[in-house]
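Structural features, examined
As a plain string of letters, each chain reads:
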Amino acid sequence: MPNPTLYTKEDLIGKFKEIKALGWVENHRHGNAGGVGNTLEDLLGIEENNLPIPNAAEWELKTQRGNTTSLTTLFHMEPSPRAVKFVPTVLLLNYGWAHNDAGGKYTANEMSFRQTISTITRSDRGFKVVIDRKAQKILISFDAASVDNRHASWLEQVGRRIGLSELSPQPYWGFVDLEHKAGTKLLNAFYARAEIKRENGKEFYRYSSVLMLKKFGFEKFLQALENGTLYVDFDARTGHNHGTKFRLRHNCLPDLYESVAEVL
C-alpha cells in the first residue's frame, strides 16, 4: 500500500481554493447529518478528520453549515469521578425521567437524562454548570428550588430516590485534565463553513469560507463557559450513554484561539 501524500499547510490552502472554485457540490453522503464535513473530506481525498499534513495530530478539520443555529460539538469527555461512570450510575438512575419513547421504541421503564446546560441559568430541572477557579474545577450543580413546576412529579421521585440536596459528590472536570483534552483536540484547526441549498430532493454545498485557527487558549475556553456560549450536553438513556459533550454556540469557535486567519 503506497504511503499517503503529505501536504504543507500552503498546499492544503490551495486545495481549499480549488474546492471553492467548484461552486455548488452535491452531498456525497446522502442522509448523513455530517454531510458537510464528510463531503469536504471526500473532496480533499482524506479519511475522517485525518489531515494529510506534517504533525497532523496537531490539526483538526472543523466544518459547519452556514445556515444553522445548532451547537458545534467540540469533544466528548465524561465527568469525574470517572471510575464510577457518574452519568449512567448516578445522574441517570437518581435524576432521570421517563424517556419519550418508553413503552414504544424502548421498554416501558426506559429512563433519560438528556439536557444541555450552561453557567448562566439553571435548566428547568435545576441543573447548572459552575466554575470554581480556586479549586480549578468545572462542576455540575443541582438546586431543587429551581425546578420548574411542570416537573413537580419528577422532583418528588428524585426526593424519594436520593433526596433534594445538592449533588454529593458533584460530578466535575479538573482544569488540568480538561485543558489537556481540549488542547489535544483543538490545538489548531481549519474551520470551514458551507452554504446549503436543496434541489430536487438533493442537498448541495458551497464552501465559501475557511479560517485557519491557531493556538487554542484554555482561558478563552473558560471565558466561553462563563459568558454562556459554551455548554455541557448530557445524552444518556437506560440502554446507552451517548456521551457527555462540550458544545459551542454557532460561529463562536474562532473565539477560542489566539490567532485567526482567513484562508477563503
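In the block above lies the structure referred to throughout.
Now for a description of the structure that goes with this document.

As summarised here, the arrangement of the three strands in space is 6-7-8, forming an open sheet in which the pairing is antiparallel. Each edge of the open sheet is held by one strand with a lone partner, namely strand 6 (127-132) and strand 8 (172-174). Neighbouring strand axes in the sheet, compared pairwise and without regard to direction, differ in orientation by 20° on average. Bridging between strand 6 and strand 7 (residues 137-142) involves six bridges; their strand directions are antiparallel. What sits directly across from Ile131, in strand 7, is Ile138. Across the sheet, helix 6 (residues 218-226) lies against strand 6 and strand 7, angled at about 140° from strand 6, the strand it touches most.

Turning to the packing of aromatic side chains, a few remarks are in order. The full count for this structure, using the stated rule, is 19 aromatic pairs. Ring geometry for Trp97 and Phe113: centres 5.5 Å apart, planes at 45°, overall tilted. Taken together, the positions of Trp97 in strand 4 (residues 97-98) and Phe113 in strand 5 (residues 111-117) put the pair 16 residues apart, joining distant regions of the chain. Under the relative-accessibility criterion, Trp97 is labelled buried at 12%. For the pair Trp97 and Trp154, a centre-to-centre distance of 6.1 Å together with 80° between the ring planes defines the contact as edge-to-face. With Trp97 in strand 4 and Trp154 in helix 4 (residues 152-161), this pair connects stretches of sequence that are 57 residues apart. Each member of the aromatic cluster is reached from another via a ring pair, and the members are Phe75, Trp173, Phe175, Phe216, Phe218, Phe221, Phe246 and Tyr257.

Let us look at the packing of helix 1 (residues 9-21) against helix 2 (residues 35-44). The interhelical angle for the contact between helix 1 and helix 2, taken along N-to-C directions, is 110°, at an axis separation of 10 Å. Classified by the interaxial angle, the pair formed by helix 1 and helix 2 is roughly perpendicular. As for how helix 1 packs across helix 2, the hand of that crossing is right-handed. Across from Leu12, Lys15, Phe16 and Ile19 in helix 1, the residues of helix 2 making contact are Leu40, Leu43 and Leu44. Considered class by class, the residues forming the contact of helix 1 with helix 2 number six nonpolar, no polar and one charged.

Locating Ser141 in the fold gives a position in strand 7. Judged by its relative accessible area of 3%, Ser141 is buried. Apart from the residues within four sequence positions on either side, Ser141 is in contact with Arg122, Gly126, Phe127, Lys128, Val130, Glu166, Leu167 and Gln170.

Turning next to helix 4. Those residues of helix 4 that sit buried are Trp154, Leu155 and Val158. For helix 4, the buried positions fall inside an angular range of 100° around the axis, keeping them on one side. Those residues of helix 4 that are exposed and aimed more than 90 degrees away from the buried face are Glu156 and Arg160. On its buried side, helix 4 packs onto helix 3 (86-95), strand 4, strand 6 and strand 7. Positive phi appears at Gly163, one or two residues downstream of helix 4, with a value of about 95°.

Turning our attention to the environment of Ile117. Take Ile117: it is sitting in strand 5. The sequence separation of Ile117 and Phe127 amounts to 10 residues, and the corresponding C-alpha distance is 6.9 Å. With residues near it in sequence (within four places) discarded, Ile117 still touches Ser123, Phe127, Lys128, Val129, Ile140, Tyr231, Val232 and Phe234.

Contact geometry of helix 5 (residues 175-186) with helix 6 gives a least axis separation of 10 Å together with a crossing angle of 105°. As the angle between them shows, helix 5 and helix 6 are arranged roughly perpendicular. Two secondary-structure elements touch here, helix 5 through Phe175, Leu178 and Glu179 and helix 6 through Phe218, Phe221 and Leu222. Per-class residue counts for the contact of helix 5 with helix 6 are five nonpolar, no polar and one charged.

Cut-offs and rules
Residues numbered from 1 in each chain as written. Predicted model: local features only at pLDDT ≥ 70, side-chain atom pairs only at ≥ 80, totals over all residues. Heavy atoms only, no water. Pairing = 2+ DSSP bridges. Helix = DSSP H or I, 4+ residues; strand = E, 2+ residues; numbered from the N terminus. Axes fitted to C-alpha atoms, helices over the stretch in contact; angles between N-to-C directions. Contact = heavy atoms within 4.5 Å. Phe/Tyr/Trp six-rings, centres within 6.5 Å; stacked < 30°, edge-to-face > 60°. Buried < 20%, exposed > 50% of the residue type's maximum accessible area, 1.4 Å probe, protein only. Parallel < 35°, antiparallel > 145°, perpendicular 65-115°, else oblique. Left-handed = near helix turned anticlockwise from the far one by under 90°. Nonpolar A, V, L, I, M, F, W, Y, C, P; charged D, E, K, R; others polar. Arc of directions from axis to C-beta.

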